[in-house]
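As a plain string of letters, each chain reads:
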Amino acid sequence: MSHLSERPEKPVVGVPMPHESASLHVTGTALYTDDLVYRTKDVLHAYPVQVMKAHGRVVELRTEAALAVPGVVRVLTIKDVPGVNDAGMKHDEPLFPDEIMFHGHAVAWVLGDTLEAARQGAAAVEVELEELPSTITVREAIAAESFHGARPTMIRGDIDAGFANSAHIFTGEFEFKGQEHFYLETHCALAQVDEAGQVFIQSSTQHPSETQEIVAHVLGLHSHEVTVQCLRMGGGFGGKEMQPHGFAAIAALGAKLTGRPVRLRLNRTQDLTMSGKRHGFHSSWKIGFDADGRIQALDATLTADGGWSLDLSEPVLARALCHIDNTYWIPNAHVAGRIAKCNTVSNTAFRGFGGPQGMIVIEDIMGRCAPLLGLDPAELRERNFYAPNQSTPYGQPVEQTDRIGKIWHQVQDDADWTERQRDIASFNAAHPNTKRALAITNIKFGISFNLTAFNQGGSLVLIYKDGSVLINHGGTEMGQGLHTKMMQVAATTLGIPLHKVRLAPTRTDKVPNTSATAASSGADLNGGAIKNACEQLRKRLVQVAATQLGGSASDVRIVEGVARVLGSDKELDWDTLVHTAYMQRVQLSASGYYRTEGLHWDAKGFQGSPFKYFAYGAAATEVEVDGFTGGYQIRRVDIVHDVGDSLSPLIDIGQVEGGFVQGAGWLTLEDLRWDTSDGPNRGRFLTQAASTYKLPSFSEMPAEFNVTLLQDATEEGAVYGSKAVGEPPLMLAFSVREALRQAAAAFGPSGVSVDLGSPATPEAVYWAIQEARKGDASSNGHTLHATNGHGLNGNGHNGNGNDSNGNGKNGNGTNGHAGNGNGNGKARTDDASTLSRV
């Protein structure tokens, strides 16, 4: 076992415990950025001047009327920027734009003594605009060839040969929407300037170091003149990885110019209309299977909806390409990616960061093709699992392939798979207008940032003379329990009880140059750094203990706050040990560092090993669907998920549950809508409140929800044998969508293939049911054909759908006679061209 993963005697990690701020959260005493406003004197409030057009050029900006509003102190415009007028890392996001790029783009900010004064001042600002043509949807962008950023291509093997060797070939399209973060706390920043001109910003940010960097270059300062602190966030989910920087820069600029603290907090409507979402995607694909249903080749193009600027679209797209294989061996692949440039908000990171968008493509393919191949969807998936010594299409060896099958079968056992499938068949036979289905899907998610340089973390650990310990690290807390785990890591490494450890807020003047708390890497990077710092301190302290106890330092053990020498009854309590060390002038602080080893990535060639390891999991979901309305309920969910040796089991189970529900929301409920008409409100975000954007709640929770963490799952080379847990569970929710697909298909004849829109709202499910009832291998008004080809067991399998001209295809069915393949036994193309209803 590696040094990093080995656990000492009586570790604090692995012990179930509540979130370190749980009591503060439930009592309302936990402080967030905006709470600090009421502890700050003479605060000014910032309010945006938004332009409600999708695209246009600013001809003139008139601010005189705003300055006449009582309580208005200043209007910030481009003329006030002393440094770089840009809020992004790609230098394509002007802080004060002269070209409006989306409906609601802010061109100026008003500072007022009160929020109401600032609001009235913003309403008084006059903007003269020359309107320009706009591109709102991905399809419009594709038609106009409106793209930006890199266009990566992932290639493995020979797809022409792969398709030539395929007995069945299907083609299709699939478009699916993004997702609004809808964190409880909207974007917020509070900036102050001290007597020396130093800027201090409290920000709700997942990436304090990058916020610091952006603020510094906007103000024309060096980074050491700017300090950013993140106390905690009321949710982030990726939405606060890049997008807080501009808001913090506005607050800092206002504070610098006025000498007064400036608070910027978006209300919910502003947050929804000004901040980015999860990237929606359009995909087109062609896939080949052999006669046994094993994938031979995949040719696909993924188009991400980037919005108006690049933000994080390039790495999101790269991760989508890296995850299109999910848990399936694809020997021949050609997958191209591109980023659509639209006049909508700039889409950004969201839990899973492109992984869900890549994985849903292959899962949708498997779900749609299984009936056409005459296979149960679970069987088709299992036949294509990775085997030992196989690698991903980008060349990374897939380790621990045994866990894929192990988890899959454990979920089936836990879910009483066989018996419940029989029960569901009986129920469906007896209920013509209500159907149930049970589906299982699994995941393989790579852990690490695709950009190798981001895979590093730092810490600062301080031991005070009384034996108390204060830890600082570069990760931020957004409710996910990172701070809880880091306290457990520190206590375990030092060998002391948890109550001895306190954690300080994340600040850039304590730990510099940190990476974002993202990519599920927070515990790996910061835990490794804290462990490193604590090991330095422990090494110094065992030397002191050895002297005091009369033994060798290598024989000293510190367990539960007591130092002992092996084979001796002598002992020294922690507080006395620390005080003794101080008196001997032993340094009691240490800076820790960790870098993830073994990573390499060629972004241009799209080859390498960008991930430290893969996290695995599987979920089985049962749903019940109403045939009259498309309404449905999730009856039961069974999950087995791989977190290695858990650092904090209660935290991890909560992350699995929360991730699953958030994923189910994306796939079934959360329906982003923009005005795509040619009217005056073109480009307006329509679902800009909780009244029009449906979020998952208790009513969407399954009646029975079983989550099990995989046992005996030590991850070598990760901190105390653990694995990341933040993002992977979201993708377990694919099982919900696949269950809905199968339930809709149950309203039609056996073997019908259902194309299900995403999100699979009750409306989308209703249309899928209607098409299934027709007996067509189609969905939502689009055509899905299957022509002749070999059957999986030597029997012919022909489509039962209608072709685009309404002509029926001939065939004898999955269990019929041989199909009409060509002379050498190869099949003609099974055209599954479809478009999802979106």
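Predicted model, so just to flag it, every value in this text is computed and none were measured. (Residues numbered from 1 in each chain as written. Predicted model: local features only at pLDDT ≥ 70, side-chain atom pairs only at ≥ 80, totals over all residues. Heavy atoms only, no water.)

### Examining the pairing of strand β28 (residues 632-641)
With seven of 10 residues buried, β28 lies mostly within the body of the structure. Note that strand β27 (residues 613-626) and β28 share nine bridges and pair antiparallel. When the bridges of β28 are listed, Thr-621 appears paired with Val-637. Connecting β27 to the next strand, β28, in antiparallel fashion are five residues, including Gly-630 with a positive phi near 80°. Alignment of β28 against strand β29 (residues 704-709), held across six bridges, turns out to be parallel. Residue pairing for β29: Val-637 is matched across the bridge by Phe-705. Taking the sense of rotation as the criterion, the β-α-β connection linking β28, helix α17 (residues 649-668) and β29 turns out right-handed. (Buried < 20%, exposed > 50% of the residue type's maximum accessible area, 1.4 Å probe, protein only. Helix = DSSP H or I, 4+ residues; strand = E, 2+ residues; numbered from the N terminus. Pairing = 2+ DSSP bridges. Right-handed = clockwise from strand over helix to strand, strands pointing away.)

### Regarding the sheet that holds strand β22 (residues 562-565)
Strand order across the open sheet formed by three strands is β21-β22-β23, with antiparallel pairing between neighbours. Two strands in the sheet have a free side with no partner beyond their single neighbour: β21 (556-559) and β23 (571-573). Ignoring strand direction, the axes of neighbouring strands in this sheet form an average angle of 20°. Sheet topology places β22 next to β23; three bridges connect them, and they run antiparallel. When the sheet's bridge partners are listed, Ala-563 is paired in β23 with Leu-572. (Axes fitted to C-alpha atoms, helices over the stretch in contact; angles between N-to-C directions.)

### Re the environment of Thr-153
Here Thr-153 is to be found in strand β7 (residues 153-156). For Thr-153, a relative accessible area of 28% translates into the label partly exposed. Sequence separation of Thr-153 and Ala-300 is 147 residues, and the distance between their C-alpha atoms is 9.9 Å. Apart from the residues lying within four places of it in its own chain, the contact partners of Thr-153 are His-334, Val-335, Ala-336, Gly-605 and Phe-606. (Contact = heavy atoms within 4.5 Å.)

### Notes on unusual backbone geometry
The omega torsion across Ser-758 and Pro-759 is 10°, close enough to zero to call that bond cis. Tracing the backbone through its elements, the reader meets Pro-759 in the loop between α18 (734-745) and α19 (762-774). Of note, the phi angle at Asp-311 is positive, near 50°, even though the residue is not glycine. Of note, Asp-311 is situated in the loop between β14 (295-307) and α9 (313-322). For Asp-416, which is not glycine, the phi torsion reads 55° and is therefore positive. Positionally, Asp-416 belongs in the loop between α12 (401-414) and α13 (417-430).

### Remarks on the packing of aromatic side chains
Evaluation of the coordinates by the stated rule reveals 18 aromatic pairs. Where Trp-601 meets Phe-606, the ring centres are 4.9 Å apart and the plane angle is 75°; that geometry is what we call edge-to-face. Judged by relative accessible area, which is 2%, Phe-606 ranks as buried. Seen in terms of ring centroids, Tyr-766 and Trp-767 are 5.5 Å apart; in terms of plane orientation they differ by 70°. Their pairing is edge-to-face. Here the aromatic residues Tyr-394, Trp-601, Phe-606, Phe-611 and Phe-614 are joined through ring pairs into a cluster of three or more. Directly above the ring of Tyr-183 sits Lys-240, whose terminal nitrogen or CZ lies 4.5 Å from the centroid. (Phe/Tyr/Trp six-rings, centres within 6.5 Å; stacked < 30°, edge-to-face > 60°. Lys NZ or Arg CZ within 6 Å of the ring centre and 35° of its normal.)

### Quick look at the side chain of Arg-263
Take Arg-263: it is sitting in strand β12 (residues 262-265). A polar contact of 3.0 Å, which involves the side chain of Arg-263, links it to the side chain of His-45. Those residues within four positions of Arg-263 in sequence are excluded, and the remaining contacts are Asp-34, Val-37, Tyr-38, Val-43, Leu-44, His-45, Ala-46, Leu-115, Ala-189 and Leu-190. (Polar contact = N/O pair within 3.5 Å; in protein donor to acceptor, adjacent residues only side chain to side chain.)

### Let's talk about the packing of helix α15 (residues 522-549) against helix α16 (residues 574-583)
Orientation of α15 relative to α16, taken along the N-to-C sense of each, is 100°, at an axis distance of 10 Å. In terms of axis orientation, α15 runs roughly perpendicular to α16. On the side of α15, the interface is formed by Leu-541, Val-544, Ala-545 and Gln-548, while α16 contributes Trp-574, Leu-577, Val-578, Thr-580 and Ala-581. Of the residues contributing to the contact of α15 with α16, the split by class is seven nonpolar, two polar and no charged. (Parallel < 35°, antiparallel > 145°, perpendicular 65-115°, else oblique. Nonpolar A, V, L, I, M, F, W, Y, C, P; charged D, E, K, R; others polar.)

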